[in-house]
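Descriptive structure summary
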Amino acid sequence: MADLFAPDDLPSAPVLETGPLADRLRPKQLDEVVGQNHLTGAEGAIGRMVAARRLSSIILWGPPGTGKTTIARLLADAVGLRFAAISAVFSGVADLKKVFAEARDHARIGKRTLLFVDEIHRFNRAQQDGFLPYVEDGTVTLIGATTENPSFELNAALLSRAQVLILHRLDAAALGLLLDRAEAIEDRPLPLTTDARAALIASADGDGRFLLNQAETLYSVELPEPLDPEGLGAFLQRRVAVYDKDREGHYNLISALHKSMRGSDPQASLYYLARMLTAGEEPLYVLRRLTRFASEDIGLADPQALVQCLAAKDAYDFLGSPEGELAIAQACLYCATAPKSNAAYKAQKAAWKSARDTGSLMPPQNILNAPTKLMKDIGYGKDYAYDHDSDTGFSGANYWPPEMAPETFYRPTDRGHEKRIAERLDYWERLKNDRPA
C-alpha cells in the first residue's frame, strides 16, 4: 500500500537544484538542525534516544519554522523506522484508519512505523483518542507537531503516552547560520548591506522557513546594488507577529502585561500593550483587564486608577481606533506607576469565605430596621447608637452577629492613599478601646 501524505509533508526525495531554497537546505542529519541543540545535541532528549536507538512517542511543541517536520523525518532515518506523515488539517477518520492499517501491514514484516502528525492539536478529542491503542501496542511511534500549548489542546491520555519536547524560536545566531548556508548553496552573497541583513533576520521573528523564503525572493531578482534597511523594507513584507487571540500567545502576553504593571515597570507594560494591540487584540478586552488590575493590584492605594481605566473605556468607545488607543496607553501607564496594594482583593476573598462558612447568621437586633410595631416590640432597632450624635462621629458599636466574633478582612498597606486609611482605622480603634465599658 502507498503511504498517506499530506501535500506539504511528502517523504524525503532528491531535491532538484531548482527546488525551493528551504527544501534544498533541509538538513540531512540531526546535527545540521539549527537552534535546537538542547534537544538534538548529545545530551538532549532526542540525542539520547537516537544514541540508544529507542524512540518513544513525542509531541514537538514550538513556533512555526523551527524544524518540527525536519526533526521528525530525520528521527525516522536515525533509528531505522518507516516514515509516514499526515496533517490534521487535511485528514479525517478514514485517513487515520488507512494509515494505521498500513502500519500494521508493515509491522507484520518487521518494519515499524514513525507516524508524523502535523498540527496534531487540530484533531478533535475523539480523533486523538483513536491514536491510543496503536501507540500502546507499538503499531506506530507517534511524533506530533503543534504550535499550541499541548496542555490545553491535547487529551491527557495522549499526553501521558508521549514526551513533550519544546522547540525554541530561532535566535539571531541560528537565523544567521541559515543565511550563511543559503549564500553557500547559491554561491553568492545576499544583495544586502550589513545593517539590512540584520534587519532581515529581525523581520523573520524566529521563523527559519520565512527567512529562507525571503532570501529566495531576494535571489530571484537582479538588484543594481545591495539594499539598505530602508530599501529592504520597501522590497519585502515584514512577517506578521504570531498571535492567536484565543490561544497561548494571547494568554502569555496578557500575563506579561499584568505582571509588568504589578511590578511597576511602565516601559515593559507599554511594550506588551503594544504587542497585543498591534497584533490585532480586541482593545476592549485589554481595557477589561486593565480595569480588573486597578481593583486587584492597586485598590485603595490609589482609587483613581479604577476611574482612569473606566475613563479610558469611555474614551475608546467615543474615539475608536487608532485615536482611542492613546487613552488605553494612558490607563496602562497610570496603573504601572500607581502605588500597589492587593489589600482590597485579599479582603474580598476572605469576606466571601467567611460569608459562606457562617451561613445565615442574623445581624444584631440593634442595627435592624423596625418598620412595624411587632418588630419594635421584639427589639429591632433598640439601643441603636446613631454615630452622628457622637462628638467624634464614631460610636464604636458592635455590628457583628452575636454568635460570631469580629473578624479583620481588610488590612490596608502603608502605600499611597491606603496609608491615610490605615491611620483613620487606627484612630477609630483607639476611640473604641477608650470608650466606657
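Heads up: the structure comes first, above all this text.
To keep things clear, this report deals only with the structure shown in the data block.

What counts and what doesn't
The residue count restarts for each chain, going from 1 along the sequence in the order it is written. Where totals are concerned, whole chains, interfaces and linings use all residues; where local detail is concerned, this predicted model gives features only for residues with pLDDT of at least 70, and gives and counts side-chain atom pairs only at 80 or more. Processing note: side-chain calculations cover all non-hydrogen atoms of the structure and skip hydrogens and water entirely. A run of DSSP states H or I qualifies as a helix once it reaches four residues; a run of E qualifies as a strand once it reaches two. Both are numbered from the N-terminal end. With a 1.4 Å probe rolled over the protein chains alone, any residue whose accessible area is under 20% of its type maximum counts as buried; one over 50% counts as exposed, and the rest are partly exposed. Contact definition: two residues touch when any of their heavy atoms are within 4.5 Å. We treat two strands as partners when DSSP finds at least two bridges between them. Lines fitted to C-alpha atoms define the axes here, with helix axes fitted over just the stretch in contact, and angles between the N-to-C directions of these axes take values from 0 to 180 degrees. Helix crossings fall into two classes, left-handed where the near helix is turned counterclockwise from the far one by less than a right angle and right-handed where it is turned clockwise. Residues are sorted three ways: Asp, Glu, Lys and Arg are charged, Ala, Val, Leu, Ile, Met, Phe, Trp, Tyr, Cys and Pro are nonpolar, and all the rest, Gly among them, are polar. Without a salt bridge and with relative accessible area above 30%, a residue can belong to a patch; like charges are then joined within 9 Å and nonpolar side chains (Val, Leu, Ile, Met, Phe, Trp, Tyr) within 5 Å. Computed with a 1.4 Å probe, the accessible areas rest on the Shrake-Rupley method; for each residue, only the protein chains presented here act as cover. When a carboxyl oxygen of Asp or Glu is within 4 Å of a side-chain nitrogen of Lys or Arg, the pair counts as a salt bridge. Pairs of N or O atoms within 3.5 Å make up the polar contacts considered here, provided that, within protein, one atom can donate a hydrogen while the other can accept it, and that residues adjacent in sequence are counted only when both atoms are side-chain atoms.

**Details of the overall build of the protein**
Across its full length, the protein carries 21 helices and five strands. Over its C-alpha atoms, taken along the principal directions, the protein stretches across nearly 100 × 60 × 40 Å. Burial status across the protein gives 41% buried among its 437 residues. Here the contacts in the protein between residues at least 6 apart in sequence split such that 75% fall between residues at least 24 apart.

**What to know about the environment of Val 221**
On the secondary structure map, Val 221 appears in the loop between α12 (208–219) and α13 (229–235). Distance in space between the C-alpha atoms of Val 221 and Thr 146 is 35 Å, their sequence separation being 75 residues.

**A look at the sheet that holds strand β3 (residues 113–118)**
Taken in spatial order, the five strands line up as β2-β3-β4-β1-β5 in an open sheet, and their pairing is parallel. Pairing within the sheet leaves two strands with one partner each, and these edge strands are β2 (82–87) and β5 (163–166). Looking at each pair of strands side by side, their axes are set apart by 20° on average, direction ignored. Judged from the six bridges that link them, β3 and strand β4 (residues 140–146) form a sheet pairing that is parallel. Paired with Val 117 across the strands is Gly 144, a residue of β4. The sheet strands contacting helix α3 (residues 45–52) are β1 (58–61) and β5, and the helix crosses β5 at an angle near 125°. Along the sheet, helix α4 (residues 68–79) contacts β1, β2, β3 and β4; its crossing angle with β3, the most-contacted strand, is approximately 175°.

**Concerning the packing of helix α10 (residues 172–186) against helix α11 (residues 194–203)**
Between α10 and α11, the least distance of the axes is 10 Å, while the angle of their chain directions is 115°. For the pair α10 and α11, the sense of crossing is right-handed. Mapping the contact onto sequence places Ala 172, Leu 175, Gly 176, Leu 179, Asp 180 and Glu 183 in α10 and Arg 197, Leu 200 and Ile 201 in α11. By residue class, the composition of the contact of α10 with α11 is five nonpolar, one polar and three charged.

**Section: a nonpolar patch on the surface**
A surface patch of nonpolar side chains, about 330 Å² in accessible area, is lined by Tyr 384, Tyr 386 and Tyr 399. Relative to the elements of secondary structure, Tyr 386 occurs in the loop between α20 (373–377) and α21 (417–434). Tyr 386 gets classed as partly exposed once you look at its relative accessible area, which sits at 46%.

**Some remarks on the side chain of Arg 82**
Of note, Arg 82 is situated in strand β2. Overall, Arg 82 belongs to the buried group, its relative accessible area being 8%. Looking at Arg 82, its side chain comes within polar contact range of the side chain of His 106, at 3.4 Å. Separated by 2.6 Å, the side chains of Arg 82 and Thr 113 make a polar contact.

**Here we look at unusual backbone geometry**
The step from Ser 321 to Pro 322 runs through a cis peptide bond, and the omega angle for that step is 0°. Structurally, Pro 322 can be placed in the loop between α17 (304–319) and α18 (325–337). Of note, the phi angle at Arg 53 is positive, near 55°, even though the residue is not glycine. Residue position: Arg 53 is located in the loop between α3 and β1. Even without being a glycine, Ser 264 presents a positive backbone phi close to 60°. Here Ser 264 shows up in the loop between α14 (248–262) and α15 (266–278). Judged by relative accessible area, which is 38%, Ser 264 ranks as partly exposed.

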